[in-house]
Amino acid sequence: VVLRLDPRLRGRVDASDVIQEGYLDAIRRLEEFVRNPSVPFYIWLRFLVGQRVQEQHRRHLDSLGRNAR
């Protein structure tokens, strides 16, 4: 996660928090994986954590300022 997290976010977002959120996603979606394990578990888990990294990028870097109108 540290390698994939944009350097501008290092002061705002802790990599361990992103990993923990990914683990929570995995717990919530574990039944989905067990029903259809199309990829190895570690790849699936890496995918979920990667989604969390993308979410942090969107939240902190892609947000536009509010329109004054």
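Whatever comes next refers back to the structure up there.
Let me begin by describing the structure that accompanies this report. In this text, all values refer to a predicted model and were calculated from it rather than measured experimentally. (Residues numbered from 1 in each chain as written. Predicted model: local features only at pLDDT ≥ 70, side-chain atom pairs only at ≥ 80, totals over all residues. Heavy atoms only, no water.)

### As for helix 2 (residues 41-61)
Alright, step 1. Here helix 2 contains 21 residues, and its C-alpha end-to-end distance of 30 Å stays within 8% of the 30 Å for a straight helix at 1.5 Å per residue.
Alright, step 2. Tucked into the core, helix 2 has its buried residues touching helix 1 (15-35). (Helix = DSSP H or I, 4+ residues; strand = E, 2+ residues; numbered from the N terminus. Expected span 1.5 Å × (residues − 1). Contact = heavy atoms within 4.5 Å.)

### Comments concerning the side chain of glutamine 56
Alright, step 1. Within the secondary structure, glutamine 56 sits in helix 2.
Alright, step 2. Look past the residues within four positions of glutamine 56 in its chain and what remains in contact with it is Leu9, Val13, Val18, Glu21 and Leu61.

### Focus on the side chain of aspartate 25
Alright, step 1. Turning to its location among the elements, aspartate 25 is positioned in helix 1.
Alright, step 2. Reaching out from aspartate 25, the side chain makes a polar contact with the side chain of arginine 28 at a distance of 3.0 Å.
Alright, step 3. Apart from the residues within four sequence positions on either side, aspartate 25 is in contact with Leu48 and Arg52. (Polar contact = N/O pair within 3.5 Å; in protein donor to acceptor, adjacent residues only side chain to side chain.)

### Focus on a nonpolar patch on the surface
Alright, step 1. The grouping of Leu30, Val34 and Phe41 at the surface amounts to a nonpolar patch, some 270 Å² of accessible area in total.
Alright, step 2. Take leucine 30: it is sitting in helix 1.
Alright, step 3. The exposure class of leucine 30 is partly exposed, given its relative accessible area of 37%. (Patch = residues over 30% accessible without salt bridge, like charges linked within 9 Å, V, L, I, M, F, W, Y side chains within 5 Å. Areas by Shrake-Rupley, 256 points an atom, 1.4 Å probe, with all protein chains shown as cover. Salt bridge = Lys/Arg side-chain N within 4 Å of Asp/Glu carboxyl O. Buried < 20%, exposed > 50% of the residue type's maximum accessible area, 1.4 Å probe, protein only.)

### So, helix 1
Alright, step 1. For helix 1, spanning 21 residues, the distance from its first C-alpha to its last is 30 Å, which sits close to the expected 30 Å at 1.5 Å a residue.
Alright, step 2. The largest bend along helix 1 measures about 60° and falls at arginine 29.
Alright, step 3. Here helix 1 has its buried residues at Ala15, Val18, Gly22, Asp25, Ala26 and Phe33.
Alright, step 4. Of the surrounding elements, those touching the buried residues of helix 1 are helix 2. (Bend = angle between axes of the 7 residues up to and from the residue.)

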